[in-house]
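Descriptive structure summary
Here is what each chain is made of, one letter per residue.
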Amino acid sequence: KPFLLPVRKGKITHCKVLLIPSHLKVKDISELEGKRLAVLTSDLNSLEEQLSLVTSNASIDPHRFFGSMVKATSTESAISSMRLKLSDCALVVLDSFELVQQKNPDLGDQLKILYLSPPVPNSPIVQIGERMTPGERSNLQTALLSLAESESNN
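Summarised in this report is the structure supplied together with it. All figures in this text were calculated on a predicted structure; none of them were measured in a lab.

**A few points about the overall build of the protein chain**
In terms of regular secondary structure, the protein chain is built from 6 helices and 9 strands. Out of the 154 residues in the protein chain, the part that is buried amounts to 36%. Residue pairs at least 24 apart in sequence account for 80% of intrachain contacts in the protein chain once pairs closer than 6 positions are excluded. Split by element, the accessible area of the protein chain, about 9,100 Å² in all, is 52% carbon and sulfur.

Right under this line is the structure:
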């Protein structure tokens with residue numbers, strides 16, 4: 001049987017936020033249909049899950065719902081895409097958004113949070129096949145736990 005290995009130590013949690021420009025009078029995600037979404041490139045594979053966490057609506061297919069997706073390499077670039085009118089909304093991690101806000105206090109007037117997810121445990125797990133000895137499993141787990149954390153794997 002396959003077995004699972006945690007990739008990180010401890011309980012790391014995060015919240016996802018769906019940001020919109022303050023001037024938009026959007027009250028519900030249905031009003032964003034056909035709009036452009038800025039999303040971190042690391043979130044593209046799990047975008048449906050990310051949006052369902054934020055909106056509590058698992059029936060949204062982001063690839064059909066949004067008019068287009070703007071790939072962002074960081075929270076700052078996702079926010080910049082909205083400021084430059086390249087996207088209409090952005091899905092980012094709350095902690096990263098708060099850091100960007102600290103550097104740019106004017107963002108509080110320009111952006112607002114439309115949706116905020118509940119805290120989500122962020123402990124990625126790797127599924128491994130059965131063909132490893134217990135020693136190999138231990139060595140692999142030690143190596144995975146020693147990987148550096150970065151915004152790209154938040």
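**Considering the sheet that holds strand β6 (residues 89–93)**
Whether parallel or antiparallel, the strands of a sheet pair through hydrogen bonds between backbone atoms. In spatial order, the strands read β5-β4-β6-β3-β7; together these 5 strands make up an open sheet with mixed pairing. A strand with exactly one partner marks an edge of an open sheet, and here the two such strands are β5 (68–72) and β7 (111–116). On average, each strand axis in the sheet is inclined to that of its neighbour by 30°, with strand direction left out of account. By the bridge criterion, 5 bridges tie strand β4 (residues 36–40) to β5 in an arrangement that is parallel. Bridging across to β5, V39 finds its partner in K71. The strands that helix α4 (residues 94–103) touches are β3 (16–21), β6 and β7; relative to β6, the one it contacts most, it runs at about 105°.

**With respect to the nonpolar core**
Residues L18, L32 and L37 are the most contacted members of the largest nonpolar core, which totals 17 residues. Elements with a minimum of two residues in this core: β3, β4, α1 (47–55), β6 and β7. Per element, the largest residue contribution to this core is 3 residues, and it comes from α1. In terms of nonpolar packing, the next biggest core, distinct from the first, is built from 16 residues, C15, A72, A90 and L94 among them.

**Some thoughts on unusual backbone geometry**
With a phi close to 65°, K85 is a non-glycine residue in the positive phi region. With relative accessibility at 59%, the residue K85 sits in the exposed group.

**Observations concerning helix α3 (residues 75–83)**
Three or four residues apart is the spacing at which side chains of an α-helix point the same way, because the helix has 3.6 residues per turn. T75, A78, I79, S81 and M82 are the residues of α3 that are buried. Taken around the axis of α3, the buried residues stretch over an arc of 155°, which confines them to a single face. Phi for K85, located one or two positions after α3, is positive at around 65°.

**Thoughts on the pattern of salt bridges**
This structure, assessed with the given rule, holds 4 salt bridges. D106 is the partner of R83 in a salt bridge, and the nearest nitrogen-oxygen pair spans 2.8 Å. On the criterion of sequence distance, the pair formed by R83 in helix α3 and D106 in the loop between α4 and α5 (107–110) is long-range, its members being 23 residues apart.

Thresholds applied
Residues numbered from 1 in each chain as written. Predicted model: local features only at pLDDT ≥ 70, side-chain atom pairs only at ≥ 80, totals over all residues. Heavy atoms only, no water. Helix = DSSP H or I, 4+ residues; strand = E, 2+ residues; numbered from the N terminus. Buried < 20%, exposed > 50% of the residue type's maximum accessible area, 1.4 Å probe, protein only. Contact = heavy atoms within 4.5 Å. Areas by Shrake-Rupley, 256 points an atom, 1.4 Å probe, with all protein chains shown as cover. Pairing = 2+ DSSP bridges. Axes fitted to C-alpha atoms, helices over the stretch in contact; angles between N-to-C directions. Core = buried A, V, L, I, M, F, W, Y, C linked by side-chain atoms within 4.5 Å. Arc of directions from axis to C-beta. Salt bridge = Lys/Arg side-chain N within 4 Å of Asp/Glu carboxyl O.

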